[in-house]
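Structure assessment
Listed here are the chains, written in short residue letters.
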Amino acid sequence: MSLVPVIGFVVVALLAVAFAAVPLWRMQEKKGRALLLGAIALFMLAIGGGTYFFVGRPHLAERAAAGLDIHELNGLVPYLIQRVRAHPEDVRAWRYLGQAYMAAGDPRDAVKALAKLIALTGKGDAGVDTAYGEAMVADNEGQVPPEAEDAFNAALKADPKNGPARFYLGLAKAGHNDRAGAIAMWQSLLADVPATAPLHQILVDRLAMLTSQGPGGAPNPKAMVAMLAERLKADPNDALGWVRLMRAYTVLGETDKAKEALASARKAFADNKDAQTAFTTAAKALKLE
């Protein structure tokens, strides 16, 4: 049900009452006050009748009002709940309900709604399968449970280029200590991600961590720093990367290299005042000058 008629009705009614009530209230005669009370009574009847007309049943109007009163993105959740209860086969309502729950930060209920959607439609919709897997990951504090892996694999089968599915499957492989599998998955994804996208840097950092691990599986900090330095040498247009490199060299006690990184960063961003300010701030914090 659309909210536009309800909201429009209420706004018009409020304007009408304000238009009639303000001049009447200024009257001192009893007749004027009586007219005011009559206008208010008519307003209340109009609101009650209009709400009943648009919503259908009084208790639903009460739930709808509660939904609209909250300061979150799930204002339509009460309506969607009523919709799926009245029409449990409505796949669009289940899909919208799952999306609304995720937007409201409620992944657990999003999982339930999307599970019902998949039960109705079956797997094979890459968008739905991915959303289902992401909801389970969010509900498991970033871990990829087996059910989420199944959902991402189904999404990848329907769309071999599905980015989120490839990212989370790489994360699952890393969690299973399948370092080679995770590297292969993320490297293939990295090739399809624009260099300016935030995911690009996330993938670069995660791949650096995986490829720099020693025989025991623990990260090798020096190897990671060396990889970052090589990356910046090949592509110096990463201001935050230069700051990370300066900080990393300082932590390792290699102050001279940190100063060299500072000089290289300033040279790469010679015409960027904001970057220069960031470099100066970092240099002072790290006591490089």
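The text that follows walks through the structure, step by step, so that each part is easy to find. Position numbers for residues count from 1 along each chain, tracking the sequence in the order it is written. Residues qualify for local features only when their pLDDT is at least 70, as the model is predicted, and side-chain atom pairs are given and counted only at 80 or more; totals for whole chains, interfaces and linings, by contrast, use all residues. In computing side-chain values, all of the structure's heavy atoms are included and hydrogens and water are not.

1. Details of the nonpolar core
Definition in use: Nonpolar cores were defined as sets of buried Ala, Val, Leu, Ile, Met, Phe, Trp, Tyr and Cys residues, with membership established by side-chain atoms within 4.5 Å. Accessibility here uses a 1.4 Å probe with only protein chains present; expressed as a share of the type maximum, an area under 20% marks a residue as buried, one over 50% as exposed, and anything in between as partly exposed. Throughout, a residue-residue contact means that at least one pair of heavy atoms, one from each residue, lies within 4.5 Å.
Core analysis: the biggest nonpolar cluster contains 42 residues, and Leu-97, Tyr-101, Tyr-132, Val-144, Phe-152, Tyr-168 and Trp-186 have the highest contact counts within it. Ignoring any residue separated from it by four or fewer positions in sequence, one finds Tyr-101 in contact with Val-77, Ile-81, Asp-106, Asp-109, Ala-110 and Ala-113. Counting 20 residues, the second largest nonpolar core, distinct from the first, contains Leu-232, Leu-245, Met-246 and Phe-269.

2. Remarks on helix 9 (residues 163–175)
Applicable threshold: Counting from the N terminus, the helices are DSSP H or I runs at least four residues long and the strands are E runs at least two residues long. To estimate the expected span of a helix, subtract one from its residue number and multiply by 1.5 Å. A 3.5 Å cut-off defines polar contacts: any pair of N or O atoms within that distance qualifies, except that in protein one atom must be a possible hydrogen donor and the other a possible acceptor, and neighbouring residues in sequence count only when both atoms are side-chain atoms.
Taking 1.5 Å as the rise per residue, helix 9 with 13 residues should run 18 Å; its terminal C-alpha atoms sit 18 Å apart, in good agreement. Every buried residue of helix 9 is listed here: Gly-163, Ala-165, Arg-166, Phe-167, Tyr-168, Leu-169, Gly-170, Leu-171 and Ala-172. Elements in contact with the buried residues of helix 9: helix 7 (126–139), helix 8 (146–158), helix 10 (179–190) and helix 11 (198–211). The N-capping residue of helix 9, defined by a side-chain oxygen 2.8 Å from the backbone nitrogen of Ala-165, is Asn-162.

3. Describing the packing of aromatic side chains
Spelled out, the test is: Aromatic pairing here means that ring centres of Phe, Tyr or Trp (its six-membered ring) are within 6.5 Å. Orientation follows from the plane angle: under 30 degrees is stacked, over 60 is edge-to-face, and everything else is tilted.
Tallying each qualifying case throughout the model produces four aromatic pairs. Aromatic side chains Phe-167 and Tyr-168 sit 5.4 Å apart centroid to centroid with 80° between the ring planes, which places their arrangement in the edge-to-face category. The class for Phe-167 is buried, based on a relative accessible area of 13%. Feature note: the residues Phe-152, Phe-167, Tyr-168 and Trp-186 constitute an aromatic cluster, connected by ring pairs.

4. Overview of the pattern of salt bridges
Rules: Each reported salt bridge corresponds to a side-chain nitrogen of Lys or Arg within 4 Å of a carboxyl oxygen of Asp or Glu.
As enumerated under the stated definition, the model contains ten salt bridges in all. Put simply, Asp-192 and Arg-166 hold a salt bridge, and the shortest N to O gap is 3.0 Å. Here Asp-192 is found in the loop between helix 10 and helix 11, whereas its partner Arg-166 is found in helix 9, with 26 residues between them in sequence. A single network of salt bridges, built from pairs that share partners, joins Lys-161, Arg-166 and Asp-192.

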